[in-house]
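Chain and residue survey
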Amino acid sequence: MSDSRSLIMLVDDNIASLMDARNILTNQYDICTAISAAGMIEILKTQYPDLILIDVNMPEIDGFGAAEMLLKDPRAARIPILFIVDNYDLAKYHAKLNSAAIGYVCKPFFGPVLIKRVETQLFMATQQLAIERQQQEFRNFNANLQKMMKDMSVLIEAESQRVWELQAAVISVMAEMVECRDDVTGGHIERTRRGIGILLHKLQEKDIYTEQTLDWNIEMVVQASQLHDVGKIYISDAILQKPGKLTDEEFNTMKRHTDYGNTIIDRIEAYTRPNELTRHAKIFAGFHHEKWNGSGYPLGLAGQEIPLQGRLMAVADVYDALISPRPYKDSFPHEKAVSIIKEGKGAHFDPILVDVFMSIAEEFKLLYKTVQGDNLRRD
Ligand SMILES: [Fe+2]
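Residues numbered from 1 in each chain as written. Predicted model: local features only at pLDDT ≥ 70, side-chain atom pairs only at ≥ 80, totals over all residues.

1. Some points on unusual backbone geometry
Residue P108 follows K107 across a cis peptide bond; omega there is 5°. Within the secondary structure layout, P108 lies in the loop between β5 (104-107) and α5 (111-182). P298 follows Y297 through a cis peptide bond whose omega is 5°. For P298, the location among the structural elements is in the loop between α12 (276-287) and α13 (308-323). In this model, E60 sits at a positive phi of 60°, which is unusual for a non-glycine residue. With respect to the helices, strands and loops of the structure, E60 is situated in the loop between β3 (51-55) and α3 (63-72). Of note in this structure, D207 is not a glycine but carries a positive phi near 55°. Residue placement: D207 occurs in the loop between α6 (188-205) and α7 (210-213). (Helix = DSSP H or I, 4+ residues; strand = E, 2+ residues; numbered from the N terminus.)

Written as structure tokens, this is what we have:
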């Protein structure tokens, strides 16, 4: 409520009562008067009182009708009301007054009571207004907060996408740099990456190994697969590019690229911290040469002991090795490669993954046509 005087409207057809109330209130409030509901509506066109006192007993439109008219008028609906009721009519109007849920004051007026009732009504109206303002402010704050959070999530999403793209680019380039050392024109990393993607999507489609892959971000796993041979960076050119068969000693050195891969990714984690991408990359690097029957390296794990990433890469890696020319062999046709993978079911490869591979072998065939590269690499 402002410091200025409140305006009280008195509505009563009884002029004596009207003057009586006016005399009691005029020291504290500005007063305007009307002798009927119609007069009240007319005054409301130019003035906005802080409180309206309405006599319940008026001809034509009584106080209850006048109150209804106010509630229906959007300009006046929020003005607080007090009914005026003659002491002698209290019993007559009691039920109606109760159901109207509007306060009342009795006449003939007793000055201090009328002043107190008006004060209280104005105070309550002020409080109600303050509560409504607070509620509106809270709604505005809430709306602003939600907008801010939405804006922030868009920014975070854009930033995450940028970081992800940068990370994917660095991994791809790193993998290509390693590949360049033992490939003539490359293509192996890209084909195995796509091969892993095809296998994983098929696993999801067929609900196979869902427990192991439940929390996997497939796109991230596929990215991580590119680092499976990153450990070859530590293998000498003399071994990597040797045209003939490796000696046992050379092959033992070659096998160590799995452990070297782990070491390199450990070093990456030392600069960042372990995350989903490096976790998958280490598994691909460390376990892609394990075999289902336990005859692989470096640990000689068997069956389900071999992490799923390693079992998946075993299929994709060997298929690509078979269809690619090597310093010591020509490339095999797709059908021959598929037949060798099938023969390795339960020996070299996870039998379930071989079945999945057989069901999508044509997609692998297409891979080699779309990602060319005269591989002369050595495993
Ligand atoms: Fe390898």
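2. Brief notes about the nonpolar core
If you look at the biggest cluster of nonpolar residues, it comprises 45 residues, and the most contacted ones within it are L199, L227, L312, V315, Y319, I341 and L353. Among the elements that make up this core, the one with the highest residue count is α13 (10 residues). Once residues lying within four places of it in the same chain are set aside, the contact partners of L199 are L312, V315, A316, L353, V356 and F357. One finds V11, L18, I31 and L53 within the second-largest nonpolar core, a separate group that totals 29 residues. (Core = buried A, V, L, I, M, F, W, Y, C linked by C-beta atoms within 7 Å. Buried ≥ 20, exposed ≤ 12 C-beta atoms within 10 Å, placed from the backbone. Contact = placed C-beta atoms within 7 Å.)

3. Remarks on the sheet that holds strand β1 (residues 7-11)
Taken together, the five strands give an open sheet; going across it, the order is β2-β1-β3-β4-β5, and neighbouring strands pair in parallel fashion. Each edge of the open sheet is held by one strand with a lone partner, namely β2 (30-34) and β5. When strand polarity is set aside, the average angle formed by the axes of neighbouring strands in this sheet is 25°. Summarising the sheet, β1 and β2 pair through five bridges and their orientation is parallel. Across the sheet, residue L7 finds its bridge partner in β2, namely D30. Strands β4 (81-86) and β5 of the sheet are contacted by helix α4 (residues 90-100), whose axis makes an angle of about 155° with β4. (Pairing = 2+ DSSP bridges. Axes fitted to C-alpha atoms, helices over the stretch in contact; angles between N-to-C directions.)

4. As for the environment of K365
Among the secondary structure elements, K365 is positioned in helix α16 (residues 361-370). According to the C-beta neighbour criterion, K365 is partly exposed, with 16 such atoms within 10 Å. Linking K365 and L203, residues 162 residues apart in sequence, is a C-alpha distance of 19 Å.

5. Quick word on the pairing of β5
Here β4 pairs with β5 via four bridges, running parallel. Looking across to β5, one finds that D86 is bridged to K107. In this region the chain leaves β4, passes through α4 and returns to the parallel neighbour β5; the handedness of that crossover is right-handed. (Right-handed = clockwise from strand over helix to strand, strands pointing away.)

6. What to know about the domain arrangement of the protein chain
What the domain assignment reports for the protein chain is domain 1 (7-134) and domain 2 (183-370). A separation of 87 Å is found between the C-alpha centroids of domain 1 and domain 2. (Domains from an automatic or database assignment.)

7. A word on the packing of α12 against α13
Where α12 meets α13, the closest approach of the two axes is 8 Å, and the angle between their N-to-C directions is 55°. One finds that α12 runs oblique with respect to α13. Where α12 crosses over α13, the two elements pack in a sense that is right-handed. Residues H280, I283, F284 and F287 of α12 form the contact with α13, whose participating residues are Q309, G310 and M313. Across the contact of α12 with α13, the residue classes tally to four nonpolar, three polar and no charged. (Parallel < 35°, antiparallel > 145°, perpendicular 65-115°, else oblique. Left-handed = near helix turned anticlockwise from the far one by under 90°. Nonpolar A, V, L, I, M, F, W, Y, C, P; charged D, E, K, R; others polar.)

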